[in-house]
Amino acid sequence: MINRVVWIVLDSVGMGALPDAKKYGDEGANTIGHVAEFNKGLNLPNMVKLGLGNIDGMKNIDKCDAPIGCFGKLHEKSNGKDTVTGHWEMVGIESEVAFPTYPNGFPSEVIEKFEKLTGRKVIGNKPSSGTVILDELGKEHMETGALIVYTSADSVFQIAAHEEIVPLEDLYKYCKIAREMLTGDHSVARVIARPFVGTPGNFTRTPNRRDYALLPPYKTTLDMLKEKGLSVMGVGKIEDIFSGQGITDAVHTKDNMDGVDKTIDYLKENKKGLIFTNLVDFDMKWGHRNDPAAYGKGLEDFDKRLPEIIENMNENDVLFITADHGCDPTYPGTDHTREYVPFLAYGKTLKANHNMGERTGFFDIGQTVCDIFDTEKIKNGKSFLNEIIK
């Protein structure tokens, strides 16, 4: 009997372009493979022991003669390659229509309405890297109090503000206003608060980021577990991605290592149910910033913490490790990349050295979690519990 699932999403850690990657401009992308190649190899002994290098199609990662885990790769079914699409699919929602994006910035009627509702002027209104736009407009923002609004290749409405100019409570309020007004044709996947501090030429973003996502359109794995009285503990931006729906406990994090710490804290509480963790640094700090060296070190740092996670698991706990999309830091541009994602599973109740091959649909994970806890099924997905359990 499984009492708890520890589900860790290594945000953006893809493993090779999907067959339809050309449609997204992502032919040849391979986040793990290219990061390993750039760094002339990666030292990931613990994930290798689980079977990471044995996944069909995995490039430049060592194989293990006798992996102790189950391993495979997942093919995203939804139309998209962003955080919300990936996470929603994991828990049962297939997005057939991609969320809207704004390569030329938001239309004037959107910006004018936002300015009217907030009482503040907007500067920026274009796609940009979050650090670049601070260098460009941070000084003007501090002088005028105007909000920096920008987007990216993702479906996001991002609002940057200096914490000494716009109090966090006000920034969060403005994000909620944007979330409420961005509906219909302008239903962006996320509104994101991007607070920063510092002086011109030395701005840094703070850990006080908040994401305001659309509400899931129907019940997910998280709802099914919560309705059965189980704990659903969100670590990192999980609570934000689902707008709190289906979450019983949540904690935000400063960085990947803090995310691991908070995951272990929840493990020590010994509540029955799901610990659902997102480690965002791979994507936010290294993928989008085209930094394969730091990306590789981040993977190695996570791998070093894996034994600590496993040591804090009970006999009836299982560990799932996967990703939500790719973000190849060696690929042209700074966008996410349309890739397969790896899947690793480990626990005393699960088989060892089991190759799951390729599965279509991230929602198979969510359906499996429902199967583990004998809840109502979600709309999409096929459970693989019988395949991996001893």
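Computed from a prediction, not measured in an experiment: that's the story for all the values here. (Residues numbered from 1 in each chain as written. Predicted model: local features only at pLDDT ≥ 70, side-chain atom pairs only at ≥ 80, totals over all residues. Heavy atoms only, no water.)

Peer 1: Any chance you could explain the UniProt feature "binding site: Mn(2+) 2" (unreviewed entry) in the protein here in plain terms?
Peer 2: Look at the UniProt record and you will see "binding site: Mn(2+) 2" (unreviewed entry) annotated at D283, H288 and H336. The greatest C-alpha distance among the annotated residues, which extend across 54 residues, is 8.3 Å, indicating that they converge on a single site. In this structure, D283 sits in helix 10 (residues 281-287). Residues contacting D283, with those up to four places away along its chain left out, are D11, S12, H288, H325, C327 and H336. Once residues lying within four places of it in the same chain are set aside, the contact partners of H336 are D26, K81, D82, T83, D154, D283, H288, H325, G326 and C327. For H336, the side chain forms a polar contact with the side chain of D154, separated by 3.2 Å. (UniProt positions renumbered as here; feature names shortened; annotations may be inferred. Helix = DSSP H or I, 4+ residues; strand = E, 2+ residues; numbered from the N terminus. Contact = heavy atoms within 4.5 Å. Polar contact = N/O pair within 3.5 Å; in protein donor to acceptor, adjacent residues only side chain to side chain.)

Peer 1: Sorry if this is basic, but what is going on with the domain arrangement of the protein here?
Peer 2: Accessible area lost upon the coming together of the parts is a frequently used measure of interface size. Structurally, the protein comprises domain 1 (4-93 + 216-388) and domain 2 (108-213). Each partner contributes to the interface: domain 1 provides 15 residues, whereas domain 2 provides 12 residues. Buried area between domain 1 and domain 2, summed over both chains or domains, comes out near 1100 Å², and the portion from carbon and sulfur atoms is 51%. When the area that domain 1 buries against domain 2 is broken down by residue, the three leading residues are D240, M284 and R289, summing to 34%. Connecting domain 1 to domain 2 are zero salt bridges. Viewed at the interface, domain 2 and domain 1 are joined by three residue pairs in polar contact (both at pLDDT 80 or more). Looking at the side of domain 1 that touches domain 2, the elements with two or more residues in it are helix 3 (83-90) and helix 8 (238-241). Taken together, the residues of the side of domain 1 that touches domain 2 break down into three nonpolar, six polar and six charged. (Domains from an automatic or database assignment. Buried area = accessible area lost by both parts, 1.4 Å probe. Salt bridge = Lys/Arg side-chain N within 4 Å of Asp/Glu carboxyl O. Nonpolar A, V, L, I, M, F, W, Y, C, P; charged D, E, K, R; others polar.)

Peer 1: Where do I start with the packing of helix 4 (residues 108-118) against helix 6 (residues 168-181) in this structure?
Peer 2: A packed helix pair is summarised by two numbers, namely the angle formed by the two axes and the spacing between the axes. For the pair helix 4 and helix 6, the least separation of the axes is 10 Å and the interaxial angle reads 135°. Classified by the angle their axes make, helix 4 and helix 6 are oblique. You can see that helix 4 and helix 6 cross each other, and the crossing is right-handed. Contacts between helix 4 and helix 6 involve V110, K113, F114, L117 and T118 from the former and Y174, I177, A178 and M181 from the latter. In terms of residue class, the contact of helix 4 with helix 6 is made up of seven nonpolar, one polar and one charged. (Axes fitted to C-alpha atoms, helices over the stretch in contact; angles between N-to-C directions. Parallel < 35°, antiparallel > 145°, perpendicular 65-115°, else oblique. Left-handed = near helix turned anticlockwise from the far one by under 90°.)

Peer 1: Help me understand the pattern of salt bridges in this model?
Peer 2: Close approach of charged atoms allows side chains of opposite charge to pair. Scanning the model with the defined rule gives 22 salt bridges in all. Measuring nitrogen to oxygen at the nearest pair gives 2.6 Å for the salt bridge that ties D317 to R4. Of this pair, D317 sits in strand 12 (residues 317-322) while R4 sits in strand 1 (residues 4-10), and the two are 313 residues apart along the sequence. Both residues of the pair, D317 and R4, belong to the buried class. A salt bridge links K81 to D26; its shortest N-O distance comes to 2.8 Å. Placement of the pair is K81 in the loop between strand 2 (70-75) and helix 3 and D26 in the loop between strand 1 and helix 1 (31-38), with a sequence separation of 55 residues. (Buried < 20%, exposed > 50% of the residue type's maximum accessible area, 1.4 Å probe, protein only.)

Peer 1: Got a minute to help me understand the nonpolar core in this structure?
Peer 2: One broad rule of soluble globular proteins: the nonpolar side chains tend to lie buried together. One finds V5, W7, F276, F302 and F320 to be the most contacted residues of the largest nonpolar core, which totals 82 residues. Counting residues per element, this core draws most heavily on strand 1, which supplies six residues. Sequence-distant contacts of F320, that is, excluding residues within four places in its chain, are made with V5, V6, W7, I8, F343, L344, A345, I365, T368, V369, I372 and I388. Listed in part, the 25 residues of the second largest apolar core include Y102, L147, L171 and C175. (Core = buried A, V, L, I, M, F, W, Y, C linked by side-chain atoms within 4.5 Å.)

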